[in-house]
Amino acid sequence: MKNIDTYTHVRGESVYLDDIPVIAGTLYAAVFDSPIAHGKILSLNMDEALRMPGVVKVFTAKDIPGENQIGGIVPDEELLAGTHVHFCGMPIAMVIAETDEAARAAVKKIKAEIEPLPVITDPREAKEKGELIIPPRTFKTGNTDSAWSRCDHIFEGRAETNGQEHLYIETQGAYAVPQENGVIRIYSSTQGPTAVQRTAARILAVPMNKVEVDTTRLGGGFGGKEDQATTWGVMCALATHHLNKPVKYSLHRMEDMRMTGKRHPYSSDFKIGLNKDLKILAYEATFYQNAGAAADLSPAVMERTLFHCTNSYFVPNVKATAYSCRTNLPPNTAFRGFGGPQGMFVIEAAIAKAAEKLGVPAAAIQQENLLKTGDEFPYGQKAESEANECWNKTVELYDPEKIRKEIMEFNASNKFLKKGMAMMPICFGISFTKTLMNQARSLVHVYTDGSVGVSTGAVEMGQGVNTKILQVAASVFSIDPAKVKINTTNTYRIANTSPSAASATADLNGKATEIACLEILKRVKQVAADELKVSPDSIEIKEEWIYNKGVKTEWDWKRLIMTTYSKRISLSELAHYTPPGIHFDPAKEKGHPFAYHTFGTAIITVTIDCLRGIYEFDSVKVVHDFGKSMNMMIDKGQCEGGIVQGIGWMTMEEIIYDKEGKLRSNALSTYKVPDIYSVPKEILIYPLETEKENQAILQSKAVGEPPLMYGIGAYFALRNAIKSFNPSANIPFDAPMTPEKVLMNLYTTAP
Ligand code: LUZ
Ligand code: MOS
């Protein structure tokens, strides 16, 4: 089945925030944000701004009737700066005007006198100064201290990964519309409608039932709208609350890049110990997470770094510690993978270092240590592993030894073009690591004409979740998918939703939908059984016809639904789902946090131009664990997109803040993302389809985030290509490997 949005997408008819027809009298917001990264606000002069044509009002922290607080996990973030600013881009005031041009023109006339305070941008410096968001956490298994003496080889090092701009095609935005009796409806481009509702209620000091949040779809989220869409929804609501007028704010790209947080940069130390058979006996890592100026989701991101610090390997002795470090950057936030990729990069760096020193391919170490079913992760959960199956299928299908030989021959006969390859196994835990967030509800209505409406907490952001939920309803009822409509995500229909995140949205909301549909199905089957005077067990519905003991009856779906209605039996159901068996004890740092894991293996090959430092990816060849995919087109699309986004993070996307905490890569002229020309020339995705019982929706495993981590292989493929040109290169583990860094490493030798 095709993604249900393809038709309107191709015709440009899909409705995003900025496409919602505006109501007459709508006003527009624009934000005045801090020009410096840390300081004390001495004075704010808004006189000139207020005299600008079309300006209605300027709001500051003083205009907040409730609590000036938007922190979700830790209450440490103001909506509008009160006395101090903590990062460049921190909102200080909001101008409301009759047009968005007028609002933005007035913002430029606001004058702020801010006394500068010391700026920290480096997470290790923040840690030294005691600037931690939460106390550090350590995951431990076995005993690394006593394991080192049993290792034949021990290697230590440092690894850096930079941030990543989400670059959703649709920027952040919101539109608040007053309703009667003080109710505000907020249209929000958010992954988390409930977070917008909860925070608006807190800021305005109104009960949550006075705030309705509605989301049709997003033009991409990637984590950037899990938490940070809230700010703009609440800003518009604040203005609507005071002015009783519709207020809209759709950010310009540079405003969005400047004011919102990104993937967390990490600086890490590692120590790895192996025996002579290349078994990893011990691994230690220390992670310094650059959280930015407020907690946002950093504590949860940090936790996922620890969960994924051993990637898809079994290591008997592990000690991993993470620090969430407060710096004067915009608060960093969720980004596809949610700290997992940052943790996985470090163990891949440790393996690469060991491989280089021992003169073996990294793949030999990787393969030797893959998780087997029953192996325990450092956090206590036992693996149900497809790591070896994926790896072995990759070897069988794509023959990496042959690729390796071809690359060696190519490199021997080419002076200024060099190829490199890397293998990248992945393992990703599926569930919110915060156990309570793993819950969802679905409201299913069957109308008297037999058509079906489904509402859930799932937010469609291009990932195809609405198509999957529609497939669930159509398959349980056995009706034409065209009879099913997925409604907008709305906090008045579905309450207390978890954000659409953690790759778990289709699983959680799909399962709730399955339960609701099964309940209605049970009722209508009973009606059919009563009418036909047979047992409900012998009734079956197939393609909108009712069968009794396999024999087609005179009854079709429509007639059965109308009859159910006329008997005054409910054709609606609200179902609740939460995955069974998950738990985690943060005091012991042990438990069973994930419903299941997703696995896969990729081979990545690259060619570099050794005169210019530029490169092209020749191929990415993958075996990916789909369980039993319910929509291969959507799932392969997620893999392809994830791979390209992961390669972008590892190779060309370079976020640069200067020492003063100012974003220098603040536009698409200075921040490079993959385009069609930088996509690998060949992407092959082979589905490892298994029939095993798991907690995925219709056995179709979560696919949103895991494929991004194949991109980590791109970094190591580049490294290997550089080494074949410059064998004595001493390349720091410092991603992204931009063309500039490739060039430097090609011509620099170890001291
Ligand atoms: N968001 C979240 C996530 O709140 N918790 C998670 O565990 C998570 N994991 C991945 C992506 N987003
Ligand atoms: Mo996410 S990083 O699943 O919002």
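Below, the discussion takes up the site of ligand 1. As a matter of local geometry, ligand 1 sits amid Glu-226, Arg-304, Phe-338, Phe-432, Thr-433, Met-437, Ala-501, Ala-502 and Glu-705. Take Arg-304: an N or O atom from its side chain is 2.9 Å from a nitrogen atom of ligand 1. Contact distances for ligand 1 include 2.9 Å between an oxygen atom and a backbone N or O atom of Thr-433. For ligand 1, the protein covers 97% of the area, taking 290 Å² as the surface of the free molecule. Counted by class, the shell around ligand 1 contains 5 nonpolar, 1 polar and 3 charged residues.

Turning to the packing of aromatic side chains, a few remarks are in order. If you walk through the whole model with that rule in mind, you get 20 aromatic pairs. Measuring from ring centre to ring centre gives 6.2 Å for Phe-139 and Phe-584, while their planes differ by 35 degrees; the resulting arrangement is tilted. With a gap of 445 residues between them, Phe-139 in strand 7 (residues 137–141) and Phe-584 in strand 25 (residues 583–585) connect regions that are remote in the sequence. The same class applies to Phe-139 and to Phe-584, which are both buried. Ring centres of Phe-416 and Phe-725 lie 6.4 Å apart, and the angle between their planes is 40 degrees; on these two criteria the pair is classed as tilted. Taken as a pair, Phe-416 in the loop between helix 13 (400–413) and strand 16 (417–430) and Phe-725 in helix 18 (residues 712–725) lie far apart in primary sequence, 309 residues in all. Among the residues examined, Phe-416 registers a relative accessible area of 34% and is labelled partly exposed. Between the NZ or CZ atom of Lys-127 and the centre of the ring of Tyr-323, over which it lies, the distance is 4.8 Å. In this arrangement the basic side chain of Arg-217 is found over the ring face of Tyr-16, its NZ or CZ atom lying 5.8 Å from the centre.

Each regular strand carries side chains that alternate between the two faces of the sheet. Within strand 10 (residues 184–188), 4 of the 5 residues are buried, which leaves it mostly tucked inside the rest of the structure. Strand direction decides the pairing type here: strand 9 (residues 173–178) and strand 10, joined by 5 bridges, are antiparallel. Its bridge partner being in strand 10, Val-177 is matched across the sheet by Arg-185. Joining the antiparallel neighbours strand 9 and strand 10 is a turn of 5 residues, in which Asn-181 adopts a positive phi near 55 degrees. At this point the chain moves from strand 10, through helix 6 (residues 193–204), to the parallel strand 11 (residues 211–215), and the crossover so formed is right-handed.

Split by domain assignment, the protein resolves into domain 1 (24–118 + 172–250), domain 2 (266–433 + 587–746) and domain 3 (439–577). When each unit is reduced to the centre of its C-alpha atoms, the spacing between domain 2 and domain 3 is 39 Å. Between domain 2 and domain 3, the contact holds 21 residues from the first and 20 residues from the second. Interface area, domain 2 with domain 3, both sides summed: about 1500 Å², of which 58% is carbon and sulfur. Considering only the side of domain 2, the residues that lose the most area to domain 3 are Phe-432, Met-630 and Ile-697, jointly responsible for 42% of the buried surface there. Where Asp-635 meets Lys-468, a salt bridge forms, and the shortest distance between an N and an O atom there is 2.7 Å. Run the count over domain 2 and domain 3 and you get 6 residue pairs in polar contact (both at pLDDT 80 or more).

All told, the structure shown has 40 salt bridges when counted by the stated rule. A salt bridge links Glu-131 to Arg-326, with the shortest nitrogen-to-oxygen separation between them at 3.6 Å. In this pair, Glu-131 is assigned in the loop between helix 4 (123–128) and strand 7 and Arg-326 in strand 15 (residues 317–326), connecting sequence segments 195 residues apart. With a shortest N-O distance of 3.1 Å, Glu-616 and Lys-681 are connected by a salt bridge. Highlighted residues: Glu-616 in strand 28 (residues 615–627) and Lys-681 in the loop between helix 17 (632–651) and strand 29 (682–689), separated in sequence by 65 residues. Residue classification places Glu-616 among the partly exposed residues on the basis of a relative accessible area of 43%. According to the relative accessible area criterion, Lys-681 is exposed, its value standing at 57%. Each of Lys-419, Glu-616, Asp-618 and Lys-681 takes part in a single network of salt bridges with overlapping partners.

Reading the values: rules and limits
- Residues take numbers from 1 onward in each chain, read along the sequence in its written order.
- The lettering of chains begins at A and the numbering of ligands begins at 1, in the order of writing.
- Predicted model: local features are reported for residues with pLDDT of at least 70 only, side-chain atom pairs are reported and counted for 80 or more only, and whole-chain, interface and lining totals are derived from all residues.
- As a rule here, side-chain values cover all heavy atoms of the structure and leave hydrogens and water aside.
- Nearness of a residue to a molecule or strand requires only that one of the residue's heavy atoms be within 4 Å of it.
- Between N or O atoms, a polar contact is any pair within 3.5 Å; within protein, one atom must be a potential hydrogen donor and the other a potential acceptor, and residues adjacent in sequence are included only when both atoms are from side chains.
- The method behind every accessible area is Shrake-Rupley, applied with a 1.4 Å probe, and residues are considered shielded solely by the protein chains displayed.
- Ten residue types, Ala, Val, Leu, Ile, Met, Phe, Trp, Tyr, Cys and Pro, are classed as nonpolar, four, Asp, Glu, Lys and Arg, as charged, and the remainder, Gly among them, as polar.
- Stacked, tilted and edge-to-face pairs are distinguished by plane angle, under 30 degrees for stacked and over 60 for edge-to-face with tilted covering the rest, among Phe, Tyr and Trp rings (Trp via its six-membered ring) whose centres lie within 6.5 Å.
- Each helix is a run of H or I in the DSSP string that is no shorter than four residues. Each strand is a run of E no shorter than two, and both are numbered from the N terminus.
- For every residue, the accessible area (1.4 Å probe, protein chains only) is compared with the maximum for its type, and the residue is labelled buried under 20%, exposed over 50%, or partly exposed between those bounds.
- Counted as over-ring charges are cases with an Arg CZ or a Lys NZ within 6 Å of the ring centre that also lie within 35 degrees of the ring normal.
- For two strands to be treated as a pair, DSSP must find at least two bridges joining them.
- By definition, the crossover connecting two strands over a helix is right-handed if that path, from the first strand to the second, turns clockwise as seen with the strands pointing away from the viewer.
- Where each domain begins and ends is defined by an automated method or by a domain database.
- We call two residues contacting when some pair of their heavy atoms lies within 4.5 Å.
- What gets called buried area is simply the loss in accessible area from a 1.4 Å probe that two parts show on being joined, summed for both.
- When a carboxyl oxygen of Asp or Glu lies within 4 Å of a side-chain nitrogen of Lys or Arg, that pair is called a salt bridge.

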